[in-house]
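Each chain is listed here by its residues.
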Amino acid sequence: MTAKKGKTIEAVWSGTWVADRLGVSLEDGTGTGTGGPALEELLGLALRRNPKRAHLLVSRVLGKHVPQSPAAVYAAGYGLGERVRELLGDAEAASAVVLGYAETATGLGHCVADGLGSAPYLHSTRRPVPGVEAAGGFEEAHSHATSHLLLPEDPKLLAGSGPLVLVDDEFSTGNTVLNTIADLHARHPRGHYVVVALVDMRSPADRDRLTAFATELGARVDLISLASGTVHLPEGVLAKGQALVERYEAEATAAEASAASATRGAAVSAPADEAPGGENQPLQGVPPDGVWGSLSSGVRGGAPADGPHPFTRVELGWPAGIPDGGRHGFTPAHRAALEAALPGMAARLTAALGDGPARVLVLGNEELMYAPLRLAQALEASGTAAAPVEVRFSTTTRSPVLAVDDPGYAIRTRLVFPAHDDPADGPGDRYAYNVAGTAGTGFDAVVAVVDSAGDTAELRTGLLAALAPHTGRVLLAVIPSYVPDRQEPIMTEPQHGSQHGPLGEPLRGPAFSSYAAEDVGWLLQDLSDVELEAPTEEREEAIQAGGAHYAESLPVEFQPSPEYQQLYQSALTASAARMARAVGTVTETVLAERSPSPVLVSLARAGTPVGVLMRRWAQARHGLDLPHYAVSIVRGRGIDANALRWLAAHHDPADVVFVDGWTGKGAITRELREALAEFEGFNPEIVVLADPGSCVETYGTREDFLIPSACLNSTVSGLVSRTVLRSDLVGPADFHGAKFYRELAGADVSVAFVDTVSAHFEEVAEAVDAEVKELLAADRTPTWVGWRAVERISEEYGIHDVNLVKPGVGETTRVLLRRVPWKILAQRGAGADLDHVRLLAEQRGVPVEEVDGLPYTCVGLIHPRFTRGATGADGKAVAAK
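Examining the overall build of the protein
Step number 1: On a plain count of helices and strands, the protein comes out with 20 helices and 34 strands.
Step number 2: Considering only intrachain contacts with a sequence separation of at least 6, the fraction spanning at least 24 residues in the protein is 78%.
Step number 3: Only carbon and sulfur atoms are counted for the fraction: they give 51% of the accessible area of the protein, which is about 32300 Å².

A look at the environment of Pro 506
Step number 1: Tracing the sequence through the fold places Pro 506 in the loop between β18 (471-479) and β19 (521-522).
Step number 2: Counting along the chain gives 123 residues from Pro 506 to Tyr 629, while the straight-line C-alpha distance between them is 7.9 Å.
Step number 3: Those residues in contact with Pro 506, other than ones at most four positions away along the chain, are Gly 521, Trp 522, Leu 523, Tyr 629 and Trp 646.

Quick word on the pattern of salt bridges
Step number 1: A full pass over the atoms with the stated rule returns 36 salt bridges.
Step number 2: Between Arg 202 and Asp 200 there is a salt bridge, with its nearest N and O atoms 2.9 Å apart.
Step number 3: Using a relative accessible area of 6% as the deciding quantity, one classes Arg 202 as buried.
Step number 4: Given the relative accessible area of 1%, Asp 200 is considered buried.
Step number 5: For the salt bridge of Asp 835 with Arg 838, the shortest nitrogen-to-oxygen distance reads 3.6 Å. Residue Asp 835 and its partner Arg 838 are located together in helix α20 (residues 835-844), separated by three residues, close to a single helical turn.
Step number 6: Connected through salt bridges with shared partners, the residues Asp 519, Arg 615, Arg 616, Asp 625 and Asp 755 form a single ionic network.

Regarding the sheet that holds strand β24 (residues 628-631)
Step number 1: The strand order across the open sheet built from six strands is β19-β24-β23-β27-β28-β29, with neighbouring strands paired in parallel fashion. Every interior strand has two partners, whereas the edge strands, β19 and β29 (698-701), have only one.

With respect to the packing of helix α3 (residues 70-93) against helix α9 (residues 370-381)
Step number 1: Where α3 contacts α9, the two axes come as close as 8 Å, and the packing angle between them is 125 degrees. In terms of axis orientation, α3 runs oblique to α9. For α3 against α9, the interelement crossing comes out left-handed. Two secondary-structure elements touch here, α3 through Pro 70, Ala 71, Val 73 and Tyr 74 and α9 through Tyr 370, Leu 373, Arg 374, Ala 376, Gln 377 and Glu 380.
Step number 2: Considering only residue class, the contact of α3 with α9 consists of seven nonpolar, one polar and two charged.

So, the pairing of strand β3 (residues 55-59)
Step number 1: Of all five residues making up β3, five are buried, and the element is well covered by its neighbours.
Step number 2: Neither face of β3 is exposed, since His 55, Leu 57 and Ser 59 on one face and Leu 56 and Val 58 on the opposite face are all buried.
Step number 3: Relative to β3, strand β2 (residues 43-47) is paired through five bridges, and the arrangement is antiparallel. Directly across from Ala 46, in β3, lies its bridge partner Leu 56.

Overview of the packing of α3 against helix α4 (residues 106-116)
In a packed pair of helices, the relevant descriptors are the angle between the two axes and the axis-to-axis distance.
Step number 1: Contact pair α3 / α4: the axes reach a minimum separation of 6 Å and the direction vectors enclose 45 degrees. Classified by the interaxial angle, the pair formed by α3 and α4 is oblique. The chirality of how α3 crosses α4 is right-handed. For the pair α3 and α4, the contacting residues are Tyr 74, Gly 77, Tyr 78, Leu 80, Gly 81, Glu 82, Val 84, Arg 85, Leu 88 and Ala 93 in the first and Leu 108, Cys 111, Val 112, Asp 114, Gly 115 and Leu 116 in the second.
Step number 2: Broken down by class, the residue content of the contact of α3 with α4 amounts to 10 nonpolar, three polar and three charged.

A word on the side chain of Arg 392
Step number 1: Here Arg 392 is to be found in strand β14 (residues 390-396).
Step number 2: On the accessibility criterion, Arg 392 (9% relative accessible area) is buried.
Step number 3: A polar contact of 2.7 Å, which involves the side chain of Arg 392, links it to the side chain of Glu 390.

As for the packing of aromatic side chains
Step number 1: Counted by the stated rule, this structure contains 11 aromatic pairs.
Step number 2: Seen in terms of ring centroids, Phe 512 and Trp 522 are 6.1 Å apart; in terms of plane orientation they differ by 75 degrees. Their pairing is edge-to-face. Highlighted residues: Phe 512 in the loop between β18 and β19 and Trp 522 in strand β19, separated in sequence by 10 residues.
Step number 3: Judged by its relative accessible area of 2%, Phe 512 is buried.
Step number 4: Classification of Trp 522 as buried rests on a relative accessible area of 0%.
Step number 5: Centroid distance Phe 658 to Phe 682: 6.2 Å. Interplanar angle 50 degrees. Geometry classified as tilted.

Some points on the sheet that holds strand β32 (residues 821-827)
Step number 1: Spatially, four strands are ordered β31-β34-β32-β33 in an open sheet, and the strand pairing comes out mixed. With partners counted over all chains shown, the strands left at the sheet margins are β31 (805-807) and β33 (848-851), one partner each. Averaged over all pairs of adjacent strands, the angle between strand axes in this sheet comes to 20 degrees, irrespective of strand direction.
Step number 2: In this sheet, strand β34 (residues 858-862) lies alongside β32 in antiparallel orientation, the contact comprising five bridges. Residue Ile 824 lies in a different strand from β34, and its bridge partner there is Gly 860.
Step number 3: The strands touched by helix α18 (residues 785-796) are β31, β32 and β34; relative to β31, the strand with the most contacts, the crossing angle is about 140 degrees.

Here's the deal with unusual backbone geometry
Step number 1: Residue Ala 102 is joined to Glu 103 through a cis peptide bond whose omega torsion reads -5 degrees.
Step number 2: The amide bond that connects Ala 604 to the next residue, Arg 605, takes the cis arrangement and shows omega of 0 degrees.
Step number 3: Phi is positive for Ser 513, which is not a glycine, with a value near 90 degrees.
Step number 4: Topologically, Ser 513 is positioned in the loop between β18 and β19.
Step number 5: Ser 513 sits in the buried class, given a relative accessible area of 1%.
Step number 6: Despite not being glycine, Leu 719 has its phi angle at roughly 65 degrees, a positive value.
Step number 7: When you line up the elements, Leu 719 lands in the loop between β29 and β30 (737-738).
Step number 8: By relative accessible area, Leu 719 is classed as buried at 2%.

Observations regarding the confidence of the model for the protein
Step number 1: On average, residues of the protein score 81 in pLDDT, and 82% of them are at 70 or above.
Step number 2: A low-confidence stretch, residues 139-146 stays under pLDDT 50, and its non-local contacts, those more than four residues away or across chains, total 37 contacts.
Step number 3: Predicted confidence for residues 486-502 stays below pLDDT 50, and this span has 32 contacts to residues more than four positions away or in other chains.

Quick look at the nonpolar core
Step number 1: If you look at the biggest cluster of nonpolar residues, it comprises 114 residues, and the most contacted ones within it are Leu 47, Val 98, Leu 116, Val 165, Tyr 409 and Val 447.
Step number 2: Apart from the residues lying within four places of it in its own chain, the contact partners of Leu 116 are Gly 81, Glu 82, Val 84, Arg 85, Leu 88, Ala 93, Ala 96, Val 98 and Val 165.
Step number 3: Grouped together as the second largest cluster of nonpolar side chains are 70 residues, Phe 512, Val 716, Val 724 and Val 754 included.

Description of helix α16 (residues 750-758)
Step number 1: Within α16 the residues assigned to the buried category are Ser 750, Phe 753, Val 754, Val 757 and Ser 758. Here the buried residues of α16 occupy an arc of 125 degrees about the axis, which is enough to place them on one side.
Step number 2: Where the residues of α16 are buried, they touch α12 (562-593), α13 (607-622) and α17 (761-777).

Re the environment of Met 345
Step number 1: With respect to the helices and strands, Met 345 occurs in helix α8 (residues 332-353).
Step number 2: Judged by relative accessible area, Met 345 falls into the buried class, the value being 0%.
Step number 3: Considering only alpha carbons, one finds Met 345 and Leu 316, 29 residues apart in sequence, at a separation of 5.2 Å.
Step number 4: With residues near it in sequence (within four places) discarded, Met 345 still touches Leu 316, Gly 317, Trp 318, Pro 319, Leu 338 and Leu 375.

About the thresholds
Residues numbered from 1 in each chain as written. Predicted model: local features only at pLDDT ≥ 70, side-chain atom pairs only at ≥ 80, totals over all residues. Heavy atoms only, no water. Helix = DSSP H or I, 4+ residues; strand = E, 2+ residues; numbered from the N terminus. Contact = heavy atoms within 4.5 Å. Areas by Shrake-Rupley, 256 points an atom, 1.4 Å probe, with all protein chains shown as cover. Salt bridge = Lys/Arg side-chain N within 4 Å of Asp/Glu carboxyl O. Buried < 20%, exposed > 50% of the residue type's maximum accessible area, 1.4 Å probe, protein only. Pairing = 2+ DSSP bridges. Axes fitted to C-alpha atoms, helices over the stretch in contact; angles between N-to-C directions. Parallel < 35°, antiparallel > 145°, perpendicular 65-115°, else oblique. Left-handed = near helix turned anticlockwise from the far one by under 90°. Nonpolar A, V, L, I, M, F, W, Y, C, P; charged D, E, K, R; others polar. Polar contact = N/O pair within 3.5 Å; in protein donor to acceptor, adjacent residues only side chain to side chain. Phe/Tyr/Trp six-rings, centres within 6.5 Å; stacked < 30°, edge-to-face > 60°. pLDDT = per-residue confidence, 0-100. Core = buried A, V, L, I, M, F, W, Y, C linked by side-chain atoms within 4.5 Å. Arc of directions from axis to C-beta.

What follows is the structure, given as structure tokens:
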């Protein structure tokens, strides 16, 4: 096959639509791209819903949103790598390491490393890997997704003193890069950093900031780009852009509703003896809204209206031991092995495509950009003049962008489908842009390339089904997900003489915690004598800059004022019976569905009071003496593996029921499910008292009401701190740590809290029996409505990091007690459930904004991009009072 090569000159610039309506323009600068392409050759314009910046720069050479010749995509990155090698010289280049940013620049960074020559490559990732310890991490303030992790297989990869080359697609403010350099320089100082981007769009102030940063750091920081310039934004552009987005989204919603009405019920069932959506079988499954068709603004996956479409699985013959990308590091030896294998893999793709297609798209998947790009490049170079085939390359993405079917707009079409790789930060929509054909364009075949972690049933009913109506053929190529050899084996039973060694017995009160010994055993180690507390603002700055993980330190314990203590007591009095009913409902559901003699394992510490109450209910109503333990789970780092080993050695894992207080957006629910995938016998489905986010099947209620234990910290949780995971304190054979605040005994209400709720058990028993009977017959499938609300709020308020959006009364209270709050969103008309939230917000100078359409009673927003000099919504510095 032969690709059509050479520069394509388009009649209309793909930023014209936005430029004409908003007056936005790109102004070329001198920068470091002298003699290079103009900005309009590299960028188009689009719009997105964002209260901070409505316009979006869309790269035309990155291969992310806009399908492009793989040769052109590879050449852009490779050429930048050659320029880095020229800057460094052969001696320094030989000791350089290249670091790319997920998700957009993973492939670009890899191409830069290829151009540099002998440099190993690593890219950040948003996919935690059980057993692989992070060598660093950071937050990306403008991102739609979660924290970046650095997970090199070789821990020494980032420990050298040679130049570090950091690669991103666009250098706008430089915040992410500067945060990364600051974090890595503190760990492993070096004298030279090189920042590489396709375009440098910094303001003069941002350029001065980089100069000052390098001076303060005492290191040289260079920047290389293909082109540089600025974006001209006329006055009022933000409001005009928002109005345009709202108008077109409303029209798209109406069009989707019309299409759904016209095509509902068009799905074709698979034969009874065939699994739906299986290999080479018709694609099945209708999305929740049943939408089908080719809408310029968005198309959701499902079964095509004109009948089932098969897909063809292509066995690539991916070489054993070659990583699927740079998530854990990619060495020059890996590069040589891949180069040797590419022609054979391209031949397999060519054979599978046959002689039919004239235009082929190779579609990568989020962070998986480099391997699909190289496959597309090899496919592009492998044809003959007798069978010319045009090959294009792009990838799916997490980022939502408005689509408008106009030649002067960068995003013509949008396919929408659910995530299919069980992401650690929860489910959500994903997108493929400019894949559905418009105005005579389109692809005869699409080769979807995923790694094995994404080869799921959701892939077939989501992405592959969404592609089917818009191309003649869908092919699937799966690359094995690389698992580093340095993972420690995870054992589910004690191994005598193993590296882990014997584990201790649970900590119990009164030596550890104010609960009675029989109420709970803590599978933790006592760190009470270690100084772990740090001021809230200091912790927040370190966490958001990527210099620390929230589990490495503790906030200073909040001491309630007399006014706040009175609010807590009033809240407890008002909601004790409501809590008792929820406790009874969740306990009876567990006894009926999970086990007649469950082992309760609460997630410390919010889950522990609930576990104590469930144990008391089972004892009071059924005479059961249920075991109850508390274990640690840490977002981004998983559950305490040693605690699970202890549980498996002392109980049947099938009887273990994990308990938490409430669900927010469901991050811990997903974290637990992913962590337990490596253990045999444990049921990963968590049970909670309240499930306002609709994330679990077993709950006491799905109402977002005030759980009084959320109002306080250790003084309502047995005087035990939040759990701690720090490498210098927690070894391979240790439980995670926590502190026992014995000195706060005078303010402790832990036992009084459970006693107050337990006193209502008898009066709510009849209502619980009726409610459980209804629940057992009901469809309780999680809808994850809360997660979608969090994504929307993150975008609408310009936060672009779901970790900084904390939904529900409990999570909002935690924001006000432990983090640096920015503002509180309250359901309009919410009553006494929010009295304590309003008081805390007033004490911390945080605005409370009443809004409509929240699935929660309230949502707490952590201050985005926080530093100790950050400003709040009123322009004043946010500080605890």
